[in-house]
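Remarks on the overall topology
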Amino acid sequence: MVLVTCPHCGAKVDDPSGACPKCGLPISQAPSPPGDDARGKKPSAYAPLLPALVGAILVAGAIAAVWSIHDHMTKTAAHVTVPAARDAKADEVRISESMRRATLGNIILRQAQVHEDNYKLDSATLMEDGAICYRYHARNESGEMIAETAVVTPDSKMAMGDTAAKREVWEESCSGRGTDVTLRIGR
């Protein structure tokens, strides 16, 4: 037999379908006092905290997952970025050195002319192997403007003039494709 507490006076009633023997309140129609559950027991004091606790655990798990993904991506990006940055810096140094060599070659060509003021650079091409190929016009001893070529080889040796050996160096060094750097080094 189940004992039920009367919500009005608190007396123990053994017949939940009847009335309270002390105050006469019909038990089946009486509302349960606040805090009682259907079994006649009071819920735990921690019951209201349960949803907050579950929510806090879910939020902590989400934060941990996001942090873990971010940490993994940062470490992965660091492994990719450092070599890429190193390669980019090496390319920048190589191009800067090639431009310096191209500029110096242009200065040497100008100073090697009989009439320095009548030197005109037509083109300067930086080849993939590091050679720099020049096409220019200069005034010769008789005063006429003639087209000339010159090469600064990858080991920084200058080949200029109209000899068979110099033409061979030009053909060997300047027959491929390169990058026009004329405007960067000046005309």
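Just above sits the structure.
Owing to the predicted nature of the structure, the values given are computational and were not obtained by experimental measurement.

Some details on the layout of surface pockets
Counted as a void, the second largest pocket has a volume near 180 Å³. In terms of lining, the second largest pocket is formed by Ala112, Gln113, Val114, Tyr136, Ala138, Arg139, Asn140, Glu141, Ile146, Glu148, Met160 and Gly161. At the level of elements, strand 4 (132–139) and strand 5 (145–152) are the ones that each hand at least two residues to the lining of the second largest pocket. A total of three residues in the lining of the second largest pocket trace back to one element, the largest contributor, which is strand 4. Considering only residue class, the lining of the second largest pocket consists of six nonpolar, three polar and three charged.

Digging into empty space enclosed by the protein
Throughout the structure, instances matching the rule amount to one cavity of 30 Å³ or more. What the largest cavity holds in volume is close to 30 Å³. Thr149, Ala150, Val151, Ala159, Met160, Gly161, Lys166, Arg167 and Trp170 together form the lining of the largest cavity. Elements with a contribution of two residues or more to the lining of the largest cavity: strand 5, strand 6 (158–160) and helix 2 (164–174). For the lining of the largest cavity, the per-class residue count stands at five nonpolar, two polar and two charged.

A closer look at the pattern of salt bridges
Evaluated as defined, the whole model comprises three salt bridges. Note that Arg100 and Glu97 form a salt bridge whose closest N and O atoms lie 2.5 Å from each other. Of this pair, Arg100 and Glu97 both sit in helix 1 (residues 49–111), three residues apart, roughly one helical turn. When the shortest N-O distance is used, the salt bridge between Lys120 and Asp122 registers 3.2 Å.

Calculation rules
Residues numbered from 1 in each chain as written. Predicted model: local features only at pLDDT ≥ 70, side-chain atom pairs only at ≥ 80, totals over all residues. Heavy atoms only, no water. 1 Å grid on protein atoms, 1.4 Å probe; cavity = no way out; pocket = protein on both sides within 12 Å on 5 of 7 lines; lining within 4 Å. Points joined across faces, edges and corners; volume = space filled by probe spheres on them. Helix = DSSP H or I, 4+ residues; strand = E, 2+ residues; numbered from the N terminus. Nonpolar A, V, L, I, M, F, W, Y, C, P; charged D, E, K, R; others polar. Salt bridge = Lys/Arg side-chain N within 4 Å of Asp/Glu carboxyl O.

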